[in-house]
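Next come the chains, spelled out residue by residue.
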Amino acid sequence: MSAAKVKMRQKKLRNQPASVQFVSSGSHQRNGGSGEGPSGNNPSSARKTNSDFKSAWVRGHQKDSGVYPDKLPQCLTVGTFATARAAEVNAMLNAVTKTTSTCHISGGVPRHMRRRAMSHNVKRLPWRLREMAIKMREKSLQGSAKKKEQSKRMSRKARRRHGNMLLEFNRRQRKNVWLETHIWHAKRFHMVKKWGYCLGDRPTFKCYRPSYRAMTTHCLLQDLSYYCCLELQGEEEKLLNCLSQLTSKETGPTFAQKLCLSGRRQGSVVLYKAGRFPSEPLGPVTFLWRPCTPGSAHRQLWIWVHPDLKQDVLAQLQIVCRCKAVIPPAVPLVLGTDTISTASSQPGADKNSGIKQKAGSKRKQNRKNASGPPAKKILGDGTRAPGTPVTWKSGSTGILINDLTMEIVRYRLIGPQSHSVLADALEAATDCDEMSKSQPSFFWWPNHCKKKSKMKLHQQQSEIFRILKGIYSSAELPPGIVLGLTVDDPRLILPKKKVTALPCVKEAQEVDDQKRIEVFLRGVPEHCCQSFLWEESVRNNVLENKISDQDLNRMKSEVLVPGSRLKPVPLQGRVPILLVHQPGKQGGNEMNSWGGGWDLLVPKGWGMAFWISLVYRGVRIGGLKMSVTHSQNKGVPHFPHDFPDCPAGDRFQEQQESELLEKFKRRPPAKRTNYIKNGCLAPFCCPWQQLAEEWDVIGIDGEESKGDSWPENTLQADAAMQSEIMSRPQVPVSSPPTRFTVLRNTKSLRLLSSWCRPTSSKGQRLHCPREMSPLDTTARMMFQTTHRMSLVWVRLSLLAKGKPDVNAAICMLTADDLKLLKKGPAVSGPQEPPHSDPLKSTIKSKKKASDKTENTPSTSDQANRMVEEPVSSSSSGDFVLGVWPNPLPKITSHCSRVTLGWATQADFSLSAGCGEALGFVSVTGLIHSLTRQPLEHRGIVLLRNPTSLHYRFAKINIEV
């Protein structure tokens, strides 16, 4: 009997009692009991033995054409026979009543009612089968402990209900916080998860050139609400003493700048660790002082920091201000009908939302006892866990630090017509009637209108805002001015369809020319920079009493003339705001004030009301990618991309390197670029520390550059490095090397800029700066001694065609390159000789050796282990073909041209009309290059992409 037939027989007889046996004719058993057969008294052994007999029962016909035995037993015992038959009857009853895995309740359904995909709903079965189906379901749930019944998914109609949508949104925000404009962006943008937020990266449609045109001619809108606001309160003298430890006057204006300290201008500064200048920088921040109150020394300061920089800055502020955390009480967070303590909830617990749900029931049933729809809650702010302290206070200095992240919404409008968009979308708040002033009110605006001094200030602010409507471009205003204002609800003046906001000529004619000139020259007066947005009580009052869209639409529908403005304006429809002017391009001698605009600051909860109003004025929306493009066209560093000496810059570079390496590995091996053959040591990152250390050694030893006295052949160097890489020892570092820094001293930058002979990128017109000290030996040695391990931020413009890429190498010219450059600026650059790939041949030979050793069974495992260790692993991880492993060989002398640095941002610049790159070069290397070049070609370098062997001539500009 085959194995399949044996299995089938055992399946048929699985309920057969052990006392009943089917044996051959030659075996004598009494009454089918436990006779004196070869199996003895063991039923299992008897069953196994009988299955091997050829004359035993089989399914179908027998193979040997035999017949079943027809002999009857000679004797019969009544008791044994009755016991055997009773066991058969019990087995038959069990087989009928017991359900097995092969028998389903659907088998009892009539054939005309059966369906291929039957419902699991018991009510769809006939009455006679429902009880059995319920028992089967309960038994299956009790039998398998691992199986958990999943709740039923609500219908789309139920999911789209307001309360259920808010519950779902609250659950999805526990790990990555949403901005108020998240849903608007999610429908139109590619979203990315960064810094604890879910942000819009770029639109789903092509927008590069339209966005640039918007920044140049009209307006581009961005949501910068993910920036963190830190508030400092205390006496002015104590605040300045504490903050002076984090800044230096050598880098430019600090927190104590006169115009910024008065509250009339917004300032920016680079922070360092306390007392560590010029090493250990933290990053750039912007700050805004509240105008001082007459007769009071108490001041209020807002510091806006990047979310990746917030924890570093906050820790240093606590140190210099000597503040300790004020632990807030645990406030229960209402989600549906249950409560969750905010002090114990974690941002990662997004699976269990704290709502206990009965198995098999719909989620909407849990909200039957709820008084109303749940409120939209934001857990944390993306940079801190819920329940962490948000207030720090000092007992000695009296300084108070508050974390106002996600408390203020910040929008940035970029472009010359950004003021026209604001003037069309905003309208100064209207006064209340006498009846509203006389009656007590819970709203803040009627109480404010009762005081004549405050209403006079509001009228002065409205007059200045009316002056701004008539200007042609936002570049006409002083950079960084601040204007406080109270406006009506922007939803009241929302147009029926999108319009393009343009300068108002009629408003410009009505404004007094003397007042306009006064604003253009001196900016906004100090008392007009005051705003009620600074007061927490007003922000909370505006948030709690905001009119919902449903009520506002109902009030609009009751207006007699459809489409007309709602009058009188509701008392809770006034919002305090702040307008902060953003200066455009300030460095260099070209495209001055390009990319300037305004920042709009509004209280939280009002984000979408102002956002929709601005969108309906014809602005174009930009994301994170457009922020990088904006800073690149302005020629300024972008955080954290261009701050390699900061902790946030290190984290960004590590993340970028891993992403680019994974993208490189996903390509087929035949389609990958062999960076080793191109002579590119670091295609995915920039080893700034190694570059600074090598140039520091060159500057100390007084070596000449490789262009004159380094005629080493690259082919010979590759052959020498072949054995060096495979047998490179790992030597532990006894003492940590000196950390490199970025040169931010304004005097040194001006001196270095004059030595580079700054030019204009359009046509490369020379710009004549003021007289500086010449580049002689004394000045060069003094500058190198002061800034040994320093890098400098540069802007490079290609002299001819070409488009630079990120991580492009910036190299020094040789004597032959200078001769080639004298033929004309449009001449093509030199070529890098191809390098050999010593690792590829080594890996192939090792692979062949491993294939041969696999045939030897005794030593195959040991040989494979010995071969794979040097090939598949290194100090930095897996070995990738075409990429140099760590540690890297000498960077400066690896190629035929000496390496000075790399580009961190590169693209074809629409503003300059040529390829431009932004990056860093070594200060020592740049001075070496400048001293070896003639005056007419000073500041010319070579630029080479990682995927190319072609060098292109470029001009270095250091703009201060």
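Anything mentioned here points back to the structure above.
Residues numbered from 1 in each chain as written. Predicted model: local features only at pLDDT ≥ 70, side-chain atom pairs only at ≥ 80, totals over all residues. Heavy atoms only, no water.

A. Representation of the sheet that holds strand β12 (residues 391-393) within the structure. Taken in spatial order, the seven strands make up an open sheet running β6-β7-β8-β5-β13-β12-β9, and their pairing is antiparallel. Each having just a single partner strand, β6 (267-272) and β9 (324-325) make up the two edges of the open sheet. Where β9 lies against β12, two bridges are found, and the strand directions are antiparallel. Across the sheet, residue Ala325 finds its bridge partner in β12, namely Trp392. (Pairing = 2+ DSSP bridges. Helix = DSSP H or I, 4+ residues; strand = E, 2+ residues; numbered from the N terminus.)

B. Quick peek at the packing of aromatic side chains. In total, this model carries 20 aromatic pairs according to the counting rule given. Here the aromatic rings of Trp444 and Trp445 are separated by 5.5 Å at their centres, their planes lie at 70 degrees, and the arrangement is edge-to-face. The class of Trp444 is buried, set by a relative accessible area of 10%. Seen in terms of ring centroids, Phe664 and Tyr675 are 5.6 Å apart; in terms of plane orientation they differ by 45 degrees. Their pairing is tilted. Of this pair, Phe664 sits in helix α22 (residues 647-666) while Tyr675 sits in the loop between α22 and α23 (688-701), and the two are eleven residues apart along the sequence. Residues Phe664 and Tyr675 agree in their burial class; the two are buried. (Phe/Tyr/Trp six-rings, centres within 6.5 Å; stacked < 30°, edge-to-face > 60°. Buried < 20%, exposed > 50% of the residue type's maximum accessible area, 1.4 Å probe, protein only.)

C. Quick peek at the pattern of salt bridges. Applying the stated criterion across every chain, the model contains 33 salt bridges. Between Asp599 and Arg410 there is a salt bridge whose closest N-O contact spans 2.8 Å. Here Asp599 is found in strand β17 (residues 597-603), whereas its partner Arg410 is found in strand β14 (residues 408-414), with 189 residues between them in sequence. Residues Asp599 and Arg410 agree in their burial class; the two are buried. Residue Lys585 is joined to Glu959 by a salt bridge in which the shortest nitrogen-to-oxygen separation is 3.6 Å. Note that Lys585 is positioned in the loop between β16 (574-582) and β17 and Glu959 in the segment after β29 (952-957), a separation of 374 residues in sequence. The network of salt bridges with common partners includes Glu427, Asp488, Arg565 and Arg574. (Salt bridge = Lys/Arg side-chain N within 4 Å of Asp/Glu carboxyl O.)

D. Just the sheet that holds strand β3 (residues 197-203), in detail. Ordered by their spatial adjacency, three strands build an open sheet running β1-β3-β2, and the pairing between neighbours is mixed. Here the strands that pair on one side only, and so sit at the sheet edges, are β1 (177-178) and β2 (189-194). With six bridges joining them, β2 and β3 adopt antiparallel strand pairing. Its bridge partner being in β3, Met191 is matched across the sheet by Gly200. Set on the sheet, helix α21 (residues 624-634) makes contact with β2 and β3; between it and β3 the angle comes to about 65 degrees. (Contact = heavy atoms within 4.5 Å. Axes fitted to C-alpha atoms, helices over the stretch in contact; angles between N-to-C directions.)

E. View of unusual backbone geometry. Phe639 connects to Pro640 through a cis peptide bond whose omega is 0 degrees. Inspection of the secondary structure assignment puts Pro640 in the loop between α21 and α22. Residues Asn886 and Pro887 are joined by a peptide bond in cis, for which omega reads -5 degrees. Its place among the elements puts Pro887 in the loop between β25 (877-878) and β26 (899-909). Non-glycine residue Arg322 carries a positive phi angle of around 55 degrees. Within the secondary structure, Arg322 sits in the loop between α11 (310-321) and β9. For Arg322, a relative accessible area of 53% gives the class exposed. Of note in this structure, Met406 is not a glycine but carries a positive phi near 70 degrees. Here Met406 lies in the loop between β13 (400-403) and β14.

F. How the structure looks around helix α18 (residues 536-544). Buried within α18 are the following residues: Val538, Arg539, Asn541 and Val542. One face of α18 carries all of its buried residues, which in axial projection span an arc of 165 degrees. α18 presents Glu536, Ser537 and Glu544 as exposed residues on the side facing more than 90 degrees away from its buried surface. The elements touched by buried residues of α18 are β8 (298-305), α14 (444-449), β16 and β17. (Arc of directions from axis to C-beta.)

G. Just the state of the cysteines, in detail. In this structure the tally under the stated criterion is zero disulfides. In this structure Cys323 is not part of a disulfide, and its nearest cysteine sulfur, from Cys321, lies 4.9 Å away. By relative accessible area, which is 10% here, Cys323 ends up buried. Cys686 supplies the cysteine sulfur nearest to Cys685, a cysteine that is in no disulfide, at a spacing of 6.7 Å. (Disulfide = S-S within 2.5 Å.)

H. Local environment of a nonpolar patch on the surface. Taken together, the side chains of Val89, Met92, Leu93 and Val96 make up a nonpolar region of the molecular surface, amounting to roughly 390 Å² of accessible area. Residue position: Val89 is located in helix α3 (residues 78-97). A residue is classified by how much of its surface remains accessible, and Val89, at 41% relative accessible area, is partly exposed. (Patch = residues over 30% accessible without salt bridge, like charges linked within 9 Å, V, L, I, M, F, W, Y side chains within 5 Å. Areas by Shrake-Rupley, 256 points an atom, 1.4 Å probe, with all protein chains shown as cover.)

I. Highlighting the packing of helix α27 (residues 777-786) against helix α31 (residues 923-931). Packing of α27 against α31 brings their axes to within 9 Å, and their N-to-C directions diverge by 165 degrees. With respect to each other, α27 and α31 are oriented roughly antiparallel. In this structure, α27 crosses over α31, and the sense of that crossing is left-handed. On the side of α27, the interface is formed by Arg780, Phe783 and Gln784, while α31 contributes Val923, Thr924, Ile927, His928 and Thr931. Per-class residue counts for the contact of α27 with α31 are three nonpolar, four polar and one charged. (Parallel < 35°, antiparallel > 145°, perpendicular 65-115°, else oblique. Left-handed = near helix turned anticlockwise from the far one by under 90°. Nonpolar A, V, L, I, M, F, W, Y, C, P; charged D, E, K, R; others polar.)

J. Quick look at the nonpolar core. Ranked by internal contacts, the top residues of the largest apolar core, which has 64 residues, are Leu752, Trp755, Val792, Leu796, Leu926 and Ile958. Top contributing element to this core by residue count: strand β22 (residues 790-798), with six residues. In contact with Leu752, other than residues within four places in its own chain, are Leu743, Phe783, Val792, Leu926, Ile927 and Ile958. Membership of the second largest hydrophobic core comes to 62 residues, among which are Ala429, Phe465, Leu578 and Val615. (Core = buried A, V, L, I, M, F, W, Y, C linked by side-chain atoms within 4.5 Å.)

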